[in-house]
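Topology and contacts: notes
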Amino acid sequence: MNPTPRVTPIHGGAVTAILKLLDSQKLMTLAVNRADGRPQAATLGYLNDGLNLYFVTARDSEKLKHLTADPRVGVAIRGVGQEGEAVGVSIDGRAEEVTDGDEVKRVNDLIIQRSPEISPWAPGGDAVAVVKVIPEEIEAVAVLDGRSRAQTFSVGDPAAAVQGLSYEPSAIARLF
């Protein structure tokens, strides 16, 4: 019998370590559920705003069709970190299309602020959809004493989890 993985509510130390990783990367692998139950995975660019992730996809894409039918998604992001820092995350969450014009503008402004060398997605046209992934559970992976260690956290309200936090280099080491 396999032991049940420990899932704890996310806390400030975990959030700061995960945010450092999310802020340092630009690509994620997104898995959605096809109608027949098989997963569809794709690697694509993302922008994070706190723990929420945003991406753009073609309105006629299979990805958008599948996540509209079943909003449950999985995300994997891998980075490089020092001993005791987050080197990867797996996120289980739900995806929803962003239809509020103010939120789309805010996301575009964040893109320009964080990556001025690239053109904004300009996700206002009819050909694309802006999608937000709202995390429900995050598994953070760190390297401690030369070995990978994972800890799973339930998120609750991702916006409330990031208010007033700043990164502390040893934050991930306190996860384990």
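This section reports on the structure supplied with the text. Bear in mind the structure is a predicted one, so any value in this text is a computation, not a measurement.

In this structure the tally under the stated criterion is 10 salt bridges. Residue Asp36 pairs with Arg38 through a salt bridge whose shortest N-O separation is 2.8 Å. The closest approach of N and O atoms between Arg59 and Glu97, which form a salt bridge, is 2.6 Å. Placement of Arg59 in the loop between β5 (52-58) and α2 (62-69) and of Glu97 in strand β7 (residues 86-98) is noted, with a sequence separation of 38 residues between them. Three or more residues joined by partner-sharing salt bridges are found here, namely Asp49, Glu103, Arg106 and Lys132.

Moving on, we get to the nonpolar core. Ile10, Met28, Leu30, Leu51 and Leu53 are the most contacted members of the largest nonpolar core, which totals 32 residues. Sorting the residues of this core by element identifies α1 (12-24), β2 (27-33), β5, α2, β6 (72-78), β7 and β8 (128-144) as the ones contributing at least two each. The element that contributes the greatest number of residues to this core is α1, accounting for six residues. Look past the residues within four positions of Leu30 in its chain and what remains in contact with it is Gln40, Ala41, Ala42, Leu44, Phe55, Lys63, Val73, Gly74, Val75 and Val133. Core analysis: the next-biggest nonpolar cluster, separate from the first, contains eight residues, Val98, Val104, Ile111 and Val130 among them.

Let us now look at α1. Taking 1.5 Å per residue, 13 residues should reach 18 Å; α1 reaches 18 Å between its end C-alpha atoms and fits that length. What α1 keeps buried is the set Gly13, Ala14, Val15, Thr16, Ala17, Ile18, Leu19, Leu21 and Leu22.

Its 14 residues place the ends of helix α3 (residues 101-114) 20 Å apart at the C-alpha level, agreeing with the 20 Å of an ideal helix rising 1.5 Å per residue. Against the buried residues of α3 lie β4 (47-49), β5, β7 and β8.

This paragraph deals with the pairing of β8. For a regular strand, side-chain orientation follows a simple rule: the groups alternate between the two sheet faces. The pairing of β5 with β8 spans six bridges and is antiparallel. Bridge pairing links Val56 to Val130 in β8. Strand direction decides the pairing type here: β7 and β8, joined by 12 bridges, are antiparallel. The residue of β8 that forms the bridge with Val89 is Ala140. Strand direction decides the pairing type here: β8 and strand β9 (residues 147-154), joined by eight bridges, are antiparallel. What sits directly across from Glu137, in β9, is Ser154. In this structure, the hairpin formed by β8 and β9 is closed by a connection of two residues, where Asp145 is found at a positive phi of approximately 55°.

Analysis parameters
Residues numbered from 1 in each chain as written. Predicted model: local features only at pLDDT ≥ 70, side-chain atom pairs only at ≥ 80, totals over all residues. Heavy atoms only, no water. Salt bridge = Lys/Arg side-chain N within 4 Å of Asp/Glu carboxyl O. Helix = DSSP H or I, 4+ residues; strand = E, 2+ residues; numbered from the N terminus. Core = buried A, V, L, I, M, F, W, Y, C linked by side-chain atoms within 4.5 Å. Buried < 20%, exposed > 50% of the residue type's maximum accessible area, 1.4 Å probe, protein only. Contact = heavy atoms within 4.5 Å. Expected span 1.5 Å × (residues − 1). Pairing = 2+ DSSP bridges.

Just distances and angles here, no functional claims.
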